[in-house]
Amino acid sequence: MAAGTEEAALGYEQARDELIEVVRRLEAGGTSLEDSLALWERGEELAKVCRRRLEGARARLDASLAAERAAETAEAGDGAE
C-alpha cells in the first residue's frame, strides 16, 4: 500500500494504537535486527500519520475559531451603527 493511500485509510486512533504496539514490541526485544528495523520504519510511518492527522485537526480548529471571531466582530459592528 502506498504511503499516501495508507495515510488516507488510517485514522488517528488506529495509527496511534498500532504505533503503541510497535513500541511495545521494540521495547520487549527478542526480535532480529531486520525485524527491529522493519518495526522502527513502520513506527516512523505511523508517527507521521499521527502528526499529520493532529496538524489537520489543529488547522480545522483554528479555522473554526477564526470564523467564530469574525462572526462576533461582524455582529458587534452591525450593532454599532
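Source: prediction; values computed, not measured. (Residues numbered from 1 in each chain as written. Predicted model: local features only at pLDDT ≥ 70, side-chain atom pairs only at ≥ 80, totals over all residues. Heavy atoms only, no water.)

**Here's the deal with the overall build of the protein chain**
What counts, and what does not: In this description a helix means any DSSP run of H or I spanning at least four residues, a strand means any run of E spanning at least two, and both kinds are numbered starting from the N terminus. Classification of residues uses two cut-offs on accessible area relative to the type maximum, computed with a 1.4 Å probe and protein chains only: under 20% is buried, over 50% is exposed, and between them is partly exposed. When checking whether two residues touch, look at their non-hydrogen atoms; a contact exists if any pair is within 4.5 Å.
The secondary structure content of the protein chain amounts to three helices and zero strands. Mapped in sequence order, the helices and strands of the protein chain form the string α-α-α. Out of the 81 residues in the protein chain, the part that is buried amounts to 11%. For the protein chain, the proportion of contacts with a sequence separation of at least 24, taken over those separated by at least 6, is 75%.

**Structural notes on the nonpolar core**
For clarity, the threshold we go by: We call a set of buried residues a nonpolar core when its members are Ala, Val, Leu, Ile, Met, Phe, Trp, Tyr or Cys and they connect through side-chain atoms within 4.5 Å of each other.
Membership of the largest hydrophobic core is limited to seven residues, which are Leu-10, Ala-15, Val-22, Leu-39, Leu-46, Val-49 and Cys-50. The set of elements that each furnish at least two residues to this core consists of helix 2 (12-28) and helix 3 (33-80). A total of four residues in this core trace back to one element, the largest contributor, which is helix 3. Contacts of Val-22, omitting those with residues within four sequence positions, involve Leu-39, Arg-42, Gly-43 and Leu-46.

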